[in-house]
Each structure stands twice: as C-alpha cells, then as structure tokens.
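What follows is each chain in one-letter form.
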Amino acid sequence: EMMGRFGAEERPYDEIAKQTHVRFTPNAKDYEERIYDGFEGVTIDRMTVITSKGIDWIKRKVRKK
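In this text, all values refer to a predicted model and were calculated from it rather than measured experimentally. (Residues numbered from 1 in each chain as written. Predicted model: local features only at pLDDT ≥ 70, side-chain atom pairs only at ≥ 80, totals over all residues. Heavy atoms only, no water.)

Trainee: Just give me the short version of the overall build of the protein chain, but keep the residues and values in it.
Mentor: Scanning the protein chain from N- to C-terminus turns up one helix and three strands. Secondary structure of the protein chain in N-to-C order comes out as α-β-β-β. Partitioning the intrachain contacts of the protein chain with sequence separation of at least 6 by distance along the chain shows that 30% fall at a separation of at least 24. Accessible surface for the protein chain amounts to roughly 6,200 Å². Of this, 51% is attributable to carbon and sulfur atoms. (Helix = DSSP H or I, 4+ residues; strand = E, 2+ residues; numbered from the N terminus. Contact = heavy atoms within 4.5 Å. Areas by Shrake-Rupley, 256 points an atom, 1.4 Å probe, with all protein chains shown as cover.)

This is the structure in structure tokens:
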C-alpha cells in the first residue's frame, strides 16, 4: 500500500509493480495473485524490514456477487 501512496507519482511504474501482491486488469475474468515462500530481510541503513518473499504468480477467477 505504501508504494502506491506517498511520492508514487515520481516513481517509475516498474519499481512499483515489483512490490504488488495482486494485479487486476479492467473487465478481465481473472486476476494474478503472488504466492509466497518464506521471508526475506531488506536492510536500509540501520533498519531491517522483514517481508514475505514473492516467488511466483497464479491466476484466479474474479468472483462476482
């Protein structure tokens, strides 16, 4: 969520897309969801952020109400 908020207008689309968990296409019958395998740590200066490690994408059907 944070990637799409503060300062997103100045970031390249590819950089934001790397952080996505789900990808939707307008009017599509399915969407892509990232599956995860374990955790990984990203160290920035003296801070380490632990995050899920996305490994692959799977397609899921869009459910309509």
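Trainee: Mind laying out unusual backbone geometry, listing which residues take part and the relevant values?
Mentor: In this model, Asn27 sits at a positive phi of 65°, which is unusual for a non-glycine residue. Within the fold, Asn27 resides in the loop between β1 (22-23) and β2 (30-44). For Asn27, a relative accessible area of 82% puts it in the exposed group. (Buried < 20%, exposed > 50% of the residue type's maximum accessible area, 1.4 Å probe, protein only.)

Trainee: Hey, could you go over a nonpolar patch on the surface for me, with residue numbers and the actual values?
Mentor: A surface patch of nonpolar side chains, about 340 Å² in accessible area, is lined by Val42, Ile44, Met47 and Val49. Going through the elements one at a time, β2 and β3 (47-61) are the ones with two or more residues in the nonpolar patch. Relative to the elements of secondary structure, Ile44 occurs in strand β2. (Patch = residues over 30% accessible without salt bridge, like charges linked within 9 Å, V, L, I, M, F, W, Y side chains within 5 Å. Salt bridge = Lys/Arg side-chain N within 4 Å of Asp/Glu carboxyl O.)

Trainee: Tell me what's going on with a positive patch on the surface, and back it up with residues and numbers.
Mentor: A cluster of basic residues, Lys29, Lys59, Lys61 and Lys64, forms a positive patch at the surface. With respect to the secondary-structure elements, Lys64 resides in the segment after β3. Judged by relative accessible area, which is 75%, Lys64 ranks as exposed. (Lys, Arg positive; Asp, Glu negative; His and termini not counted. Charge placed at Lys NZ, Arg CZ, Asp CG, Glu CD.)

Trainee: Account for the environment of Tyr36, naming residues and giving values.
Mentor: Note on placement: Tyr36 falls in strand β2. C-alpha of Tyr36 to C-alpha of Ile55: the two residues are 19 residues apart in sequence and 5.6 Å apart in space.

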